[in-house]
Amino acid sequence: MNLNSIDILKNSSAPTIVAGPCSAESEEQVLAVAAALAGRGVSLFRAGLWKPRTRPGCFEGFGKEGLPWLQKVKKEFNLPVATEVANAEHVELALSAGIDLLWIGARTTANPFAVQEIADALRGCDVPVLVKNPVNPDLELWIGALERLNNAGITRLGTIHRGFSSYGETYFRNTPQWQLPLELRRRIPELPILCDPSHIAGKRELIMMLSQQALDLNFDGLMVETHCNPVCALSDARQQVTPDELFVILDRLVHRSSNAGSCDFSLYRRQIDEIDDAIIELMAKRMNISREIGAIKRDKGITVFQPFRYNEIMQRCEEYYRDGRLSAASVKEVFEAIHAESVRQQLLIVNDNNG
Ligand code: PEP
Ligand code: MN
């Protein structure tokens, strides 16, 4: 990918802070938030004008009516401004209003037609664009969106990790699944990755903890939804913080260095590598036994999947997290993965007619 750095996101070596309301609600609201943020280390002011709502009937934003409000923020407070675009018309309106940076929302990233339309509308103007992860945990879709923009000549690209949606009641509004942005970092190291703890959390109490985790994982910055009166916000009221709360969070964050410097972890890492080798060795042994069972199932005409046995394994795994040394969620994930591999191995055996 042909990338250039986004100058407005970087005013020091500290993490970049993007802040502002979920939605621009009125000129007064936008200016009040900007006044409270200006001159205090925030690099970029955000406010949504076109709001992609999951269900009809929710507040869908003021659209182009709000563009002059953002222009005022820029002029009065000397703060660069950013908004979300979801189609070519939004791009044209935002660019002609002098919006400094555009971002693509999670629902839009998931739609290659929409991303291509935006990329085509941006062709020839190298405005910085941040691409949020798609709502579903699909790294290729995320990278595909970046490539579409890059192919249209956009080189000042960055990303925002806002978590992934899942069905049912969950602790986070969008689960972090940190392994995806970390894999993105591995694949495209020069691409900036910000974290949006507001949309991951869904509730303001979790924003401090998520922001710290993002810094500990070496993210380049944070996008935090900030509103002077969050409970009355027209969108995402539960997850917005006041400017004062934002600065308390930012003051409390611990900054660590990504450079290991003089610390030598090699002794520990060797031990970890040995343990990992042993885990894989044991897994292979376990799969040998699974395959033996698979052969019996094949010969006796028994189905591979035995719900009773699966329940038994999942119940047994409770014993492994009851003492609190490992989290319930990871123990379950590990056992699900082991069982899935075992089923896969047995499916190969029962369908192997040479056996
Ligand atoms: C937003 O930033 O307000 C927004 C709609 O975010 P997302 O696309 O992450 O849901
Ligand atoms: Mn929002």
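Scroll up for the structure.
Since the model is a prediction, treat every value here as computed from it, not as a measurement. Chains are numbered independently. Their residues run from 1 in the order of the written sequence. Written order determines the labels here, with chains lettered from A and ligands numbered from 1. Residues qualify for local features only when their pLDDT is at least 70, as the model is predicted, and side-chain atom pairs are given and counted only at 80 or more; totals for whole chains, interfaces and linings, by contrast, use all residues. Think of the side-chain values as coming from all heavy atoms in the structure, minus any hydrogens and water.

A closer look at the overall build of the chain
Summing up its helical and strand segments, the chain has 13 helices and eight strands in all. Remark: exposure states derive from per-residue accessible area (1.4 Å probe, protein chains only) relative to the maximum for the residue type, with buried under 20%, exposed over 50%, and partly exposed in between. Burial analysis of the chain (355 residues in total) assigns 44% to the buried set. Put simply, of all contacts in the chain between residues at least 6 apart along the chain, 73% involve residues at least 24 apart. To measure how exposed things are, a 1.4 Å probe is used in the Shrake-Rupley method; for residues, cover is taken only from the protein chains shown. With the model as given, the accessible surface of the chain reaches about 18,600 Å², and the carbon-plus-sulfur share is 53%. Just so you know, the count uses Lys and Arg for positive and Asp and Glu for negative, and it drops His and the chain ends. To locate a charge, the coordinates of NZ of Lys, CZ of Arg, CG of Asp or CD of Glu are taken. Of the charged side chains in the chain, 39 are positive and 45 negative; the average position of the first set lies 3 Å away from that of the second. Here a helix means four or more residues in a row that DSSP labels H or I, a strand means two or more in a row labelled E, and each is numbered from the N terminus. Residues count as neighbours in contact if any of their non-hydrogen atoms are within 4.5 Å of one another.

So, the site of ligand 1
A cutoff of 4 Å decides nearness: a residue is near a molecule or strand if any of its heavy atoms lies inside that distance of it. In the vicinity of ligand 1, the residues found are Cys22, Arg46, Lys51, Glu84, Trp103, Gly105, Ala106, Arg107, Lys132, Arg162, His199 and Glu225. A distance of 2.8 Å separates an oxygen atom of ligand 1 from a polar atom in the backbone of Ala106. Whenever two N or O atoms come within 3.5 Å, that pair is a polar contact, provided that in protein one can donate a hydrogen and the other can accept it, and provided that, for residues adjacent in sequence, both atoms are side-chain atoms. Contacts to ligand 1 include Arg162, whose side-chain N or O atom sits 2.6 Å from an oxygen atom. Considered on its own, ligand 1 offers 300 Å² of accessible surface; in the complex 99% of this is hidden by protein. Here a cavity means grid points, on a 1 Å grid over the protein atoms only, where a 1.4 Å probe fits yet cannot get out; a pocket means an open set of points with protein on both sides within 12 Å along at least five of seven lines; lining residues are those with an atom within 4 Å of a point. For a molecule to be placed in a cavity or pocket, more than half of its atoms must lie within 2 Å of the grid points of that cavity or pocket. Put simply, ligand 1 lies in the largest pocket. The classification used treats Ala, Val, Leu, Ile, Met, Phe, Trp, Tyr, Cys and Pro as nonpolar, Asp, Glu, Lys and Arg as charged, and all other residues, Gly among them, as polar. Looking at the shell around ligand 1, its residues break down into three nonpolar, two polar and seven charged.

What about the pairing of strand E1 (residues 16–20)?
With five of five residues buried, E1 lies mostly within the body of the structure. Side-chain alternation along E1 places Thr16, Val18 and Gly20 on one buried face and Ile17 and Ala19 on a second face that is also buried. Here, any two strands with at least 2 DSSP bridges between them count as paired. Pairing analysis gives five bridges linking E1 to strand E8 (residues 221–225), with the strands arranged parallel. Within E8, the residue paired with Gly20 across the bridge is Glu225. Across two bridges, the pairing between E1 and strand E2 (residues 44–46) is parallel. Of the residues in E2, the one forming a bridge with Val18 is Leu44. Seen with its strands pointing away from the viewer, a crossover is right-handed when the path leading from the first strand over the helix to the second is clockwise. Of the crossover connections in this fold, the one passing from E1 over helix H1 (residues 27–37) to the parallel E2 is right-handed.

Section: the packing of helix H12 (residues 307–322) against helix H13 (residues 328–350)
To characterise two packed helices, one gives the angle between the axes of the helices and the distance between these axes. Fitting a line to C-alpha atoms yields each axis, with helices limited to the stretch in contact; the angle taken between N-to-C directions then spans 0 to 180 degrees. Contact pair H12 / H13: the axes reach a minimum separation of 9 Å and the direction vectors enclose 145°. Between H12 and H13 lies a crossing whose hand is right-handed. Between H12 and H13, the contacting residues are Tyr310, Ile313, Met314, Cys317, Tyr320 and Tyr321 on the first element and Ala328, Val331, Lys332, Phe335, Glu336 and His339 on the second. Its residues assigned to classes, the contact of H12 with H13 comprises nine nonpolar, one polar and two charged. Two helices that cross are described as forming a left-handed crossing if the nearer one is turned anticlockwise from the farther one by less than a right angle, and a right-handed crossing if clockwise.

Focus on helix H5 (residues 112–122)
Inspection of H5 places Ala114, Val115, Ile118, Ala119 and Leu122 among the buried residues, and these make up the whole buried set. Across the axial projection of H5, the buried residues extend over an arc of 135°, all falling on one side. Looking at the buried residues of H5, the elements they touch are helix H3 (88–96), strand E4 (101–104), helix H4 (106–109), strand E5 (129–132) and helix H6 (139–151). Put simply, Asn111 is the residue that caps the front of H5, since its side-chain oxygen is 3.0 Å from the backbone nitrogen of Phe113. Where H5 terminates, the next one or two residues include Gly124, which has phi positive at roughly 90°. Think of it as the arc spanned by the lines of direction from the helix axis to the C-beta atoms.

Re the packing of aromatic side chains
Each Phe, Tyr or Trp ring, with Trp reduced to its six-membered ring, pairs with another whose centre is within 6.5 Å; inter-plane angles below 30 degrees give stacked pairs, above 60 give edge-to-face pairs, and intermediate values give tilted ones. Evaluation of the coordinates by the stated rule reveals six aromatic pairs. Considering the side-chain rings of Tyr171 and Phe172, the 5.0 Å spacing of their centres and the 70° angle between planes classify their relative orientation as edge-to-face. The class of Phe172 is buried, set by a relative accessible area of 13%. Among the aromatic residues, ring-to-ring pairing joins Phe59, Phe62 and Trp69 into one connected group. Two conditions define a charge located above a ring, namely a distance within 6 Å from the ring centre to NZ of Lys or CZ of Arg, and an angle within 35 degrees of the ring normal. The ring of Phe247 has Arg40 sitting right over it, with the charged end atom 3.8 Å from the ring centre.

Concerning a nonpolar patch on the surface
Here a patch means residues that are over 30% exposed by relative accessible area and free of salt bridges, tied together within 9 Å if like-charged and within 5 Å if nonpolar (Val, Leu, Ile, Met, Phe, Trp, Tyr). One side-chain nitrogen of Lys or Arg within 4 Å of one carboxyl oxygen of Asp or Glu is enough to make a salt bridge. Among the surface-exposed residues, Ile275, Ile279 and Ile280 lie close enough to one another that they form a single nonpolar patch of about 300 Å² accessible area. In this fold, Ile280 is placed in helix H11 (residues 266–300).

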